[in-house]
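# Structural description and commentary
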Amino acid sequence: MDAGTDCAMGAEATITESDFLGMDAVVKQRPPKTYRLPELDHHIRSSRTRNEARIMHEARAAGVRTPCIYDIDLKECSITMERMDGRMVKDVLDSEPERAEEVCRRVGETIARLHSARICHGDLTTSNMILMDDGEVCLIDLSMGCTRAETEDIGVDVRLMERAFTSAHVELEDAFSVLMDAYYSNVPDAKSVKRKVEEIRNRGRYT
Ligand SMILES: Nc1ncnc2c1ncn2[C@@H]1O[C@H](COP(=O)(O)OP(=O)(O)O)[C@@H](O)[C@H]1O
Ligand SMILES: [Mg+2]
């Protein structure tokens, strides 16, 4: 595998472009945090790496597009995965607001499919979604996700998305309604999810 160039740097992980057996790849690595005890630090980084790979795999098995995993290195705490040749949903919404409703509908359908399989994402921001050329939405950055999600987990996922979306895309209120309509028309038991989201929203308001 070739060593590549840093293309994005997050709070917790470094993303490096690379290639894997001739395929475009990225390596997501969690570098050590020196302020933590080394054994504890390695435990945290390796379990997040394992969790991320597991959730990506389960989401994919449920029909949600996620990068294909090429390799996992628990010692280095890194995942080598398919490099998605698309654009961050955040950038598309910022630069082409006329496409917002169409893109948001796809986002809503995608999240509904994930939640229908009782999988939570854990960090549903538009920077963790990649719009592919064929219009499909690919989800990335699932390390905070969970499987066998209860309605509470799903409600929290939706509420966090609502907060992230409305602060990142203040002007796209109508597109967000399209997203939520698409979501609720495709998720089973939409009524109880709606009720739960409302409850969580009120909890935030009064505490
Ligand atoms: N598989 C991938 N293909 C293409 N770009 C990616 C891929 N994974 C991550 N990226 C890019 O790197 C950025 C950070 O990756 P992400 O997994 O979200 O890590 P972080 O925890 O740092 O947010 C993403 O917003 C995206 O732009
Ligand atoms: Mg991210």
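The structure presented is a predicted model; accordingly, all values stated were derived computationally and were not measured. (Residues numbered from 1 in each chain as written. Chains lettered and ligands numbered in written order. Predicted model: local features only at pLDDT ≥ 70, side-chain atom pairs only at ≥ 80, totals over all residues. Heavy atoms only, no water.)

On domain assignment, one finds that the protein chain holds domain 1 (6–82) and domain 2 (86–206). A straight line from the C-alpha centre of domain 1 to that of domain 2 covers 22 Å. Contact residues are listed per partner, giving 16 residues for domain 1 and 19 residues for domain 2. For the pair domain 1 and domain 2, the summed buried surface comes to about 1,400 Å²; carbon and sulfur atoms form 62% of the total. Among the residues domain 1 hides against domain 2, the three largest losses belong to Ile55, Val64 and Arg65. Together they make up 43% of the total. Taken together, domain 1 and domain 2 are joined by three salt bridges. Residues Glu136 and Arg65 are paired through a salt bridge, measuring 2.7 Å at the closest nitrogen-oxygen approach. At the surface where domain 1 touches domain 2, the tally comes to ten residue pairs in polar contact (both at pLDDT 80 or more). For the side of domain 1 that touches domain 2, the leading source of residues is helix α1 (residues 38–61), giving eight residues. Of the residues that constitute the side of domain 1 that touches domain 2, the class distribution is six nonpolar, three polar and seven charged. (Domains from an automatic or database assignment. Contact = heavy atoms within 4.5 Å. Buried area = accessible area lost by both parts, 1.4 Å probe. Salt bridge = Lys/Arg side-chain N within 4 Å of Asp/Glu carboxyl O. Polar contact = N/O pair within 3.5 Å; in protein donor to acceptor, adjacent residues only side chain to side chain. Helix = DSSP H or I, 4+ residues; strand = E, 2+ residues; numbered from the N terminus. Nonpolar A, V, L, I, M, F, W, Y, C, P; charged D, E, K, R; others polar.)

Here the magnesium ion (ligand 2) is held by the protein donor atoms Asn128 (OD1) and Asp141 (OD), which lie 2.1 to 2.2 Å from it. A residue pair is termed long-range when its members are at least 10 positions apart, and Asn128 in the loop between α3 (100–116) and β7 (129–132) and Asp141 in the loop between β8 (137–139) and α4 (151–168) qualify at 13 residues. Classification of Asp141 by relative accessible area gives partly exposed; the value is 23%. (Donors = N, O, S within 2.8 Å, 3.2 Å for Na, K, Ca; no water. Buried < 20%, exposed > 50% of the residue type's maximum accessible area, 1.4 Å probe, protein only.)

Taken as a whole and assessed by the stated rule, the structure comprises one cavity of 30 Å³ or more. Considering only enclosed or pocket space, the largest cavity measures out at about 60 Å³ in volume. Along the walls of the largest cavity sit His115, Arg118, Thr151, Ile154, Tyr183, Val187, Pro188, Asp189, Ser192 and Val193, which together make up its complete lining. Contributing elements (two or more residues each) for the lining of the largest cavity: α4 and α6 (190–206). Partitioning the lining of the largest cavity into residue classes produces five nonpolar, three polar and two charged. (1 Å grid on protein atoms, 1.4 Å probe; cavity = no way out; pocket = protein on both sides within 12 Å on 5 of 7 lines; lining within 4 Å. Points joined across faces, edges and corners; volume = space filled by probe spheres on them.)

Moving on to the sheet that holds strand β6 (residues 86–88). Read from one edge to the other, the open sheet built from three strands follows the order β6-β7-β8, with strand pairing classed as antiparallel. With partners counted over all chains shown, the strands left at the sheet margins are β6 and β8, one partner each. Neighbour-to-neighbour, the strand axes of this sheet turn through a mean angle of 35°, independent of strand direction. Strand direction decides the pairing type here: β6 and β7, joined by three bridges, are antiparallel. Among the inter-strand pairings, Met88 is bridged to a residue of β7, identified as Ile130. Against the sheet, α3 touches β7 and β8, its axis set at about 45° to β8. (Pairing = 2+ DSSP bridges. Axes fitted to C-alpha atoms, helices over the stretch in contact; angles between N-to-C directions.)

Moving on to the packing of aromatic side chains. According to the stated counting rule, one finds three aromatic pairs in the structure shown. Judged by centre distance (5.3 Å) and plane angle (10°), the ring pair of Phe20 and Tyr70 falls under stacked. Taken together, the residues Phe20 in strand β2 (residues 14–20) and Tyr70 in strand β4 (residues 69–73) connect sequence positions 50 residues apart. The cationic tip of Lys194 hangs over the ring face of Tyr184; the distance from NZ or CZ to the ring centre is 4.9 Å. (Phe/Tyr/Trp six-rings, centres within 6.5 Å; stacked < 30°, edge-to-face > 60°. Lys NZ or Arg CZ within 6 Å of the ring centre and 35° of its normal.)

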